[in-house]
Amino acid sequence: MGLVSRITQIVTGRGELPAGFDATLEPEERVLAVAPIVGGSHVVVTSWGIWLPGDAPRRISWHLVSKAVWGGGALVVTEATETVEDGVVLLTDLPPRRLRLEDPGKVPQLVHERVTGSITSRHHRDLPGGGAWFLQRKVPGADGTVLQVRADPGTDPDLVRRLALEVARKARQG
């Protein structure tokens, strides 16, 4: 990053997007870091999520990053899809995406901070075949938190759904 770009980022709190980045940020969304990917393109870390490359860049909001691991020059990101039922967000992990970064800079650190910072509480419940994570998470651009439930691999998703709905009902009552 050049001196002018760095000073601009410090003064405005908003970094610059890489050349060719073809997506629109939210008005309150700030660029925190950018890292080039081996073979071209970039990863862009913002206050709202991580933008992944593709035909059109796509942001994964922090509350939908189930896992992000840095090692061996690669950032491995596991995104979750969400299904909302009776106020509970049920998460299903997608296959991890591996991104080899040429010059990671602060990207791995910021991704870790943002993912863990989105979690306000967590609890693991053992269940037949595995278990489930119950998370309270902040959603970028929204007030408050949401209850998210993610089944461990091998756990009956219907059992997790029923348990999650029961927990949500009890929370609303008490």
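Heads up: the structure comes first, above all this text.
Because the structure is predicted, anything quoted here is derived from the model rather than measured.

Draft legend 1. Broad picture of helix α2 (residues 107–117). Turning to α2, its buried residues are V107, P108, L110, V111 and V115. Along α2, the residues classed as buried sweep out an arc of 165 degrees about the axis, all on the same side.

Draft legend 2. View of the pairing of strand β3 (residues 49–52). Summarising the sheet, strand β2 (residues 42–46) and β3 pair through two bridges and their orientation is antiparallel. Pairing of V45 across the sheet is with I50, part of β3. The turn joining β2 and β3, which pair antiparallel and follow one another in sequence, is formed by two residues. Across four bridges, β3 lies against strand β4 (residues 58–61) in antiparallel orientation. In the sheet register, W51 faces β4, and the bridge partner there is R59. Hairpin connection, β3 to β4: the antiparallel pair is bridged by five residues.

Draft legend 3. Main features of unusual backbone geometry. Positioned with a positive phi, S41 is a non-glycine residue whose angle comes to about 80 degrees. By secondary structure assignment, the location of S41 is in the loop between β1 (31–36) and β2. Judged by its relative accessible area of 41%, S41 is partly exposed. The backbone of D86 sits at a positive phi, close to 50 degrees, despite the residue not being glycine. Along the chain, D86 turns up in the loop between β6 (74–85) and β7 (88–93). Look at D86 and you get partly exposed, because its relative accessible area is 41%.

Draft legend 4. How the structure looks around the sheet that holds β4. Strand order across the open sheet formed by four strands is β1-β2-β3-β4, with antiparallel pairing between neighbours. Each edge of the open sheet is held by one strand with a lone partner, namely β1 and β4. Geometrically, the sheet is characterised by an average inter-axis angle of 20 degrees between neighbouring strands, direction not taken into account. Sitting on the sheet, α2 is in contact with β1, β2 and β3, with an inclination near 135 degrees to β1.

Calculation rules
Residues numbered from 1 in each chain as written. Predicted model: local features only at pLDDT ≥ 70, side-chain atom pairs only at ≥ 80, totals over all residues. Heavy atoms only, no water. Buried < 20%, exposed > 50% of the residue type's maximum accessible area, 1.4 Å probe, protein only. Helix = DSSP H or I, 4+ residues; strand = E, 2+ residues; numbered from the N terminus. Arc of directions from axis to C-beta. Pairing = 2+ DSSP bridges. Axes fitted to C-alpha atoms, helices over the stretch in contact; angles between N-to-C directions. Contact = heavy atoms within 4.5 Å.

Don't take any of this as a statement about function, it's just geometry.
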